[in-house]
Amino acid sequence: MAAPDSVSIVSQVSFRLKVQNVSQLKEVTSPKFVIQDIPWYVRLTKTVEEAEEFLAIYLCCENKDKSPEWTQPAAASFKLLPFNGNSTAKEYHLEPNVFDRIMTSSGCSSICWADLFDAANHYVKNDAIDLEVSITVADPNDEYKSDSIFDAIDNCCDSGRVGTFRLTVNNIENLMAIRSSQFMLRDVPWYLTVFKHSSHLGLRLDARDSSDEIICNVSASVKISSLNEQFQRVQKIEAKQVQRKDGLVMERLITWDDLMRPQNGHIDNGSVTLEIEINAERRLGVATPCARKRQISNESAQIKMPRMECPICNDAIEIHNISFIPCGHTFCTPCITNSVRDRKACPIVACSAKVQPRQVKLLRLPIVSNSE
Ligand SMILES: [Zn+2]
Ligand SMILES: [Zn+2]
C-alpha cells in the first residue's frame, strides 16, 4: 500500500484528546499543533466562579512573530464525547478571534463541573474525558482576506466617557475575524473585533489592560449602515461589567444572509460599515467575586498531559503517523487508510463526509513537544 502524500500547511485540524485524572485537574495543556505555520494548543483549567466550579477551555497561540503588526484570526470548537453511544456529545464554540503578540489565548468555553461529573451524561469514565477539538486558522496569505478602516467620529479626549467609532470591513465575504486599531476611553485602551460566527455577524469589545480588576461598566449601540435607509439597523447592548478577560460580546448583530442580501443595501463595494457608540462608566477599585474568578491555584498540577487518540482504534496516535482527511478529522494512518478504502466516508459518524482514498494526507509537522 502506498503511503499517503504529506501536507505541511493546513488551515483546519480536528483531533481527539483524552484528558486523564480529571478529578485532580488544575491546569493541563495539549500537544502543540502547527497550523498555518503557527503553533497552537488547547489549555484546560479548573476555575471557580461564585463558588461554582467550571472546566474552562482556551485556544492558545504561540506566535513567533513578536511585531505589533502581527495578527492572526482563528476559531475553535470543542466537543465533549460521551462514552455511552446513546448520550449526546456536548459542543462548545469559541467565536473567531484575532490573536496577536499580547492576546495569545482565547476562551473560554466553560463546562459546569457538576454537569461534567453527572453520571447520567456519561462524560467521565475511569476519571478521563474525551474531547474532540477542532481548530480553524485563517490563511494569512489570502490576498482577498478582509481588512478594515477605523475612525473615531467623536471621541473628544483620552479620558472620555463616550466615544463613537466607524469601522468599515472590506472584503466582508471572506471575513473570519478582524480587529480595529486601539482607542482610549476612560484612560483604558480598547479594541473592537468583528467576526463571522454560526451564520451571524458578531462584534466584541475588549479592554487591553494589564489588571484583572474590574475596568468599566460598558453599554454600546451598533448601527449597521445601509444604502437604503429603511434597512439601517441599530442594536443596543445594556451596561455590562467588562474586565480584561471578559469583553462585551454581541454574537448576533445580524444574520449573514440578511447582511449579504443585495437589496438590504448593507454591502457597498464588498464592504460593510458599522457605527459603534460606546459608553464606559469607570468603576475604580471595586473588587467583586467576579474579579477573582479566573484565578487558579498556583500548585503545580500532577496531571498527565492529555494524549491524542485515534477515534478508530482508540489508541494513542504516534505523532509521526497522523493522517487527516478533507473534513479535518485526524486518525492514525493505517486506520484511516483502511477505513476509507472500505467505506469512502469519514469514520466519525456525526461527520460522515465523503472521502476518496487519495484524499488521505499525512499530517507532516505539527507537533511540538511541550515539556516546559
Ligand atoms: Zn487508529
Ligand atoms: Zn470528518
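Just above sits the structure.
Residues numbered from 1 in each chain as written. Chains lettered and ligands numbered in written order. Predicted model: local features only at pLDDT ≥ 70, side-chain atom pairs only at ≥ 80, totals over all residues. Heavy atoms only, no water.

(A) Summary view of the coordination of the zinc ion (ligand 1). Distances from the zinc ion (ligand 1) to its protein donors, namely Cys-310 (SG), Cys-313 (SG), Cys-332 (SG) and Cys-335 (SG), fall within the range 2.0 to 2.4 Å. With four donor atoms in place around the zinc ion (ligand 1) and angles of 106 to 115° between them, the coordination shape is tetrahedral. Summarised as a motif, the one-chain spacing of the donors to the zinc ion (ligand 1) is C-x2-C-x18-C-x2-C. Here Cys-332 lies in strand β24 (residues 330-332) and Cys-313 lies in the loop between β22 (307-309) and β23 (322-324), a separation of 19 residues in the sequence. The class of Cys-332 is buried, set by a relative accessible area of 13%. (Donors = N, O, S within 2.8 Å, 3.2 Å for Na, K, Ca; no water. Tetrahedral: all angles 85-135°; square planar, octahedral: opposite > 155°, others 65-115°. Helix = DSSP H or I, 4+ residues; strand = E, 2+ residues; numbered from the N terminus. Buried < 20%, exposed > 50% of the residue type's maximum accessible area, 1.4 Å probe, protein only.)

(B) Main features of the packing of aromatic side chains. Within the structure shown, the criterion is met by six aromatic pairs. Of the aromatic side chains, those joined through ring pairs into one cluster are Phe-150, Phe-165 and Phe-183. Lying over the aromatic face of Tyr-58, Arg-43 brings its terminal NZ or CZ to 4.4 Å of the ring centre. (Phe/Tyr/Trp six-rings, centres within 6.5 Å; stacked < 30°, edge-to-face > 60°. Lys NZ or Arg CZ within 6 Å of the ring centre and 35° of its normal.)

(C) The state of the cysteines, seen in detail. If you walk through the whole model with that rule in mind, you get zero disulfides. The thiol of Cys-60 is unpaired, and the distance to the nearest cysteine sulfur, on Cys-61, comes to 8.8 Å. According to the relative accessible area criterion, Cys-60 is buried, its value standing at 2%. With a relative accessible area of 4%, Cys-61 lands in the buried category. (Disulfide = S-S within 2.5 Å.)

(D) Molecular detail of the coordination of the zinc ion (ligand 2). Around the zinc ion (ligand 2), the protein supplies Cys-327 (SG), His-329 (ND1), Cys-346 (SG) and Cys-351 (SG) as donor atoms, at distances of 2.0 to 2.4 Å. Around the zinc ion (ligand 2) sit four donor atoms; with metal-centred angles ranging over 103 to 113°, the donor geometry is tetrahedral. As a motif over one chain, the donors of the zinc ion (ligand 2) read C-x1-H-x16-C-x4-C. Separated by 19 residues along the polypeptide, Cys-327 in the loop between β23 and β24 and Cys-346 in the loop between α3 (333-342) and β25 (361-363) bring together distant segments of the chain. Judged on exposure class, the residue Cys-327 and its partner Cys-346 are both buried.

(E) Representation of the pairing of strand β11 (residues 129-137) in the model. Where burial is concerned, most of β11 is hidden: eight out of the nine residues are buried. Pairing geometry for strand β2 (residues 12-19) and β11, over eight bridges, is antiparallel. The partner of Val-13 across the bridge, within β11, is Ile-135. When strand β7 (residues 71-81) meets β11, the two strands line up antiparallel, connected through eight bridges. From the neighbouring strand, Leu-80 faces β11, where its bridge partner is Leu-131. (Pairing = 2+ DSSP bridges.)

(F) Geometry of a negative patch on the surface. On the surface, a cluster of negative charge is contributed by Glu-50, Glu-52, Asp-115 and Asp-118. Along the chain, the position of Asp-115 falls in helix α1 (residues 113-117). A residue is classified by how much of its surface remains accessible, and Asp-115, at 35% relative accessible area, is partly exposed. (Patch = residues over 30% accessible without salt bridge, like charges linked within 9 Å, V, L, I, M, F, W, Y side chains within 5 Å. Areas by Shrake-Rupley, 256 points an atom, 1.4 Å probe, with all protein chains shown as cover. Salt bridge = Lys/Arg side-chain N within 4 Å of Asp/Glu carboxyl O. Lys, Arg positive; Asp, Glu negative; His and termini not counted. Charge placed at Lys NZ, Arg CZ, Asp CG, Glu CD.)

(G) Quick peek at the side chain of Arg-16. Position of Arg-16 among the secondary structure elements: in strand β2. In this structure, Arg-16 is in contact with Leu-81, Asp-130, Leu-131, Glu-132, Arg-307, Met-308, Glu-309, Pro-311 and Asn-314, ignoring residues within four places of it in sequence. (Contact = heavy atoms within 4.5 Å.)

(H) Spotlight on the layout of surface pockets. By volume, the second largest pocket is sized at about 680 Å³. Residue assignment for the lining of the second largest pocket shows that the elements contributing at least two residues are β7, β8 (90-100), β11, β12 (147-154), β14 (177-179) and β16 (188-197). Sort the elements by how many residues they give to the lining of the second largest pocket and β7 lands first, with six residues. Of the residues that make up the lining of the second largest pocket, three or more belong to each of domain 1 (6-140 + 306-363) and domain 2 (147-288). (1 Å grid on protein atoms, 1.4 Å probe; cavity = no way out; pocket = protein on both sides within 12 Å on 5 of 7 lines; lining within 4 Å. Points joined across faces, edges and corners; volume = space filled by probe spheres on them. Domains from an automatic or database assignment.)

(I) Unusual backbone geometry, seen in detail. The backbone of Asp-127 sits at a positive phi, close to 60°, despite the residue not being glycine. Of note, Asn-314 is a non-glycine position whose phi angle comes to about 60°, a positive value. Its location among the elements puts Asn-314 in the loop between β22 and β23. The class of Asn-314 is partly exposed, set by a relative accessible area of 42%.

(J) Structural detail: the sheet that holds β11. The five strands lie next to each other as β8-β7-β11-β2-β22, forming an open sheet whose pairing is antiparallel. Strands at the two margins of the open sheet, each flanked by one partner only, are β8 and β22. Here the average twist between neighbouring strands, direction ignored, is 30°. (Axes fitted to C-alpha atoms, helices over the stretch in contact; angles between N-to-C directions.)

(K) Geometry of the nonpolar core. The biggest cluster of nonpolar side chains holds 54 residues, and the ones touching the most others in it are Trp-40, Leu-44, Phe-78, Leu-116 and Ile-135. Leu-116 has contacts with Val-22, Leu-55, Leu-80, Ile-111, Tyr-123, Val-124 and Ile-129, leaving out every residue within four places of it along the chain. (Core = buried A, V, L, I, M, F, W, Y, C linked by side-chain atoms within 4.5 Å.)

(L) Seen up close, the environment of Glu-53. Looking at the secondary structure, you find Glu-53 in strand β6 (residues 52-61). We classify Glu-53 as partly exposed; its relative accessible area is 33%. Taking the C-alpha atoms as reference points, Glu-53 and Ala-114, separated by 61 residues in sequence, lie 7.6 Å from one another. Within the structure, Glu-53 has its side chain in polar contact with the side chain of Lys-46 (distance 3.4 Å). (Polar contact = N/O pair within 3.5 Å; in protein donor to acceptor, adjacent residues only side chain to side chain.)

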